[in-house]
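This is what each chain is made of:
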Amino acid sequence: MRKICFIIIMAFMMQSTQAQRKVVIIPEPVQMNLKNGSFSLSNATHIIASKGTEHEAAMLNIYLKELYGFTLPVKKAGKGHGILLALLKKSDKPESYHLDVTKNQVSIKAVTTQGIFEGIQTFLQLIPPKKIEGTTFHISMPQLSIYDYPAFKYRGMHLDVCRHFFDVAFVKKYIDYIAMQKFNTFHWHLTDDQGWRIEIKKYPKLTEVGGWRNGTIIGHYPGTGNDGIHYGGFYTQEQIKEVVKYAADRHITIIPEIEMPGHASAAIAAYPELSSFPNMNTQIAKGTKWAGDSTGKQVQQAWGVFPDIFVPSDNTFTFLENVLDEVMALFPSKFIHIGGDEAPKDYWKKCASCQVLIKENGLKNEEGLQSYFIHRIEKYLNSKGRNIIGWDEILEGGLAPNATVMSWRGEEGGIAAANQHHYVIMTPGQYVYLDHSQTKHEDSVTIGGYTPLITVYNYKPVPKELDTALAKYILGAQGNVWTEYMAYPSKVEYMVLPRMSALSEVLWTPENKKNWNRFKEELPELYERYQLWGANYFKNSLNEAANQASK
Ligand code: ACM
């Protein structure tokens, strides 16, 4: 009898310790009411997938397996103990969801499957961040009630795969980091001076030649030398399809970026006739070391901005339209990013055909010619039912009629675009460039700058200069990850985590629920989640945060 009493007391104590575990959901939900009591998730718990939620049930099992090492049986309908997924017929915000945990059931209800998916991401965080050992288990989670929806429609993360190439396995992992933190867009930067990374069947040399460089500078620009290592890689169209499907399964839209008219060295190395001066050697950045042949057109081996940009000729436009046709066949996204940033006009100033084009079209100057270039590409993409996004330089010389602007050189470009009633995605360098250092004591090479966790956390995507009528043009924001100084997946993870988690609250959590002190206290649990994901992360954020707070 004494033994039975002891077991009951122990069981009660275990139950209450587990129930006392603090609930950490990042991004913090809009409304969350904790209740007394708990729900016990066990190996006997079913997922009850109502009509239309079968895919989300399968996704829940994929995440349970990946994170915790188990799956649950799925049944179509029925009452009783289980995790119910159900679509609601009323109208509500498209990504909203209700998550209720009662003694007998977890229910995730939403008006869209995307809402169900977001609810699943919250549910996964109710499970303590530990792999489950064995096949029989009981996991206690607190009873609660959540109603949640995002603050912003566009919640993006970007990855540059040109400066360094990341294989499909890592890109999928990155998409999971995006999905698990309730972002909804992956901006895939696929072409640049240092490598062309997407197979284009009509132009095989883009990847055969443009996908590879003969070396890379060593250390911080201009570098202490050149490693002389043949470096590169690209995604086949089959791989791209696989990644697009992987993302779509997780309700993530991929926006591909095909850079123009600048950052075109790799394309020009493959097809020199795309240059204003096809017979001129590629310019090597001052003070940098070069490996191998330096004659003719070459894929760049150093970072920076280069003058050899696409010549605005009929041949170039036909090339770009053909490339974009293949890109559109692969990516269903409404938006196609066409770059537009950092296109020096030196060559266009000297190029006779460029000057003729300026005169014939009554353009003011080379900025006008860039605007003509972007207008022409926009017209083509619009005719195929797509819209362009460009970096804020596309404002120069006049914005194309339906363009969305990605404001990166501060917020000014975004403010100007919103004032012209154009949609805007905020990516200002000082707040959301996750290639910047996150500590003043950085012991690995980064591009520079200083954007600690608190700076990202406190970012507000709607600039105070915009009134409510104009604020609606701000679709959201995005973290940018340029990879000059990120040669491996673990370095990307180190740079984005936990700053990406801070950004998830900027984009999802309403202003009145954001709280730096609460977020800071939740970091240790967040770190445990990163460990569960098998992700590297910046482990000193708490110290850095303490230093920041004491200032
Ligand atoms: C950019 O960072 N060049 C858009």
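Going by the structure above, here's the rest.
Here goes a summary of the coordinates provided. Treat the numbers as computed from the prediction; the structure is a model and nothing was measured.

### Remarks on the state of the cysteines
Piece 1. Considering all chains together, one arrives at one disulfide under this definition.
Piece 2. Sulfur-sulfur distance for the disulfide between Cys351 and Cys354 comes to 2.3 Å. One disulfide, between Cys351 and Cys354, carries an S-S torsion of 85° and so falls in the right-handed class.
Piece 3. A relative accessible area of 3% places Cys351 in the buried class.
Piece 4. Of the residues examined, Cys354 reaches a relative accessible area of 0% and is grouped as buried.

### Focus on the packing of aromatic side chains
Piece 1. Following the criterion strictly, the structure yields 34 aromatic pairs and no others.
Piece 2. With a centroid separation of 5.6 Å and 35° between ring planes, the pair formed by Phe186 and Trp188 is classed as tilted. Just as Phe186 is buried, Trp188 falls in that class too.
Piece 3. Over the face of the ring belonging to Trp508 we find Lys182, whose NZ or CZ atom lies 5.6 Å from the ring centre.
Piece 4. The aromatic ring of Phe317 is capped on one face by Arg376, whose charged end is 4.0 Å from the ring centroid.

### With respect to helix H18 (residues 516–533)
Piece 1. Taking 1.5 Å of rise per residue, the 18 residues of H18 would be expected to cover 26 Å, and the 24 Å separating its terminal C-alpha atoms lies within 8% of that figure.
Piece 2. The largest bend along H18 measures about 45° and falls at Leu523, with the proline Pro524 one to four residues further on.
Piece 3. For H18, the buried fraction is high: 13 of the 18 residues fall into the buried class.
Piece 4. Between the side-chain oxygen of the N-cap and the backbone nitrogen of Asn517 there are 3.0 Å, and the N-cap of H18 in question is Asn515.
Piece 5. Gly534, located one to two residues past H18, shows a positive phi value of around 75°.

### What about helix H2 (residues 54–68)?
Piece 1. Look at H2: 21 Å from first C-alpha to last across 15 residues, which is about the 21 Å you get at 1.5 Å a residue.
Piece 2. Immediately beyond the C-terminal end of H2, within one or two residues, lies Gly69, with a positive phi of roughly 90°.

Quick notes on the rules
For every chain, the first residue of its written sequence is number 1, and the numbers climb from 1 along that sequence. Since the coordinates come from a predicted model, pLDDT governs what is reported: local features require at least 70, and pairs of side-chain atoms require 80 or more to be given and counted, while whole-chain, interface and lining totals use all residues. The basis for the side-chain values is all heavy atoms of the structure; hydrogens and waters are excluded. Disulfides are defined as pairs of cysteine sulfur atoms found within 2.5 Å of each other. Only protein chains enter the accessibility calculation, which uses a 1.4 Å probe; a residue is then buried when its area is under 20% of its type maximum, exposed when over 50%, and partly exposed in between. Any two rings among Phe, Tyr and Trp, with Trp reduced to its six-membered ring, count as a pair given centres within 6.5 Å; such a pair is stacked if its planes are under 30 degrees apart, edge-to-face if over 60, and tilted if neither. To sit over a ring, a charge needs its Lys NZ or Arg CZ within 6 Å of the ring centre and within 35 degrees of the ring normal. Only DSSP runs of H or I reaching four residues or more are called helices, and only runs of E reaching two or more are called strands; each is numbered from the N terminus. Given a helix with a known number of residues, its expected span is that number minus one, times 1.5 Å. Fitting axes to the seven residues that end at a residue and to the seven that start at it, the angle between those axes gives the bend at that residue. In protein, a polar contact means a hydrogen-donor-capable atom and an acceptor-capable atom, both N or O and within 3.5 Å, with residues adjacent in sequence counting only if both atoms are side-chain atoms; elsewhere, any N or O pair within 3.5 Å suffices.

So far we have only geometry, and geometry alone does not tell us how the molecule works.
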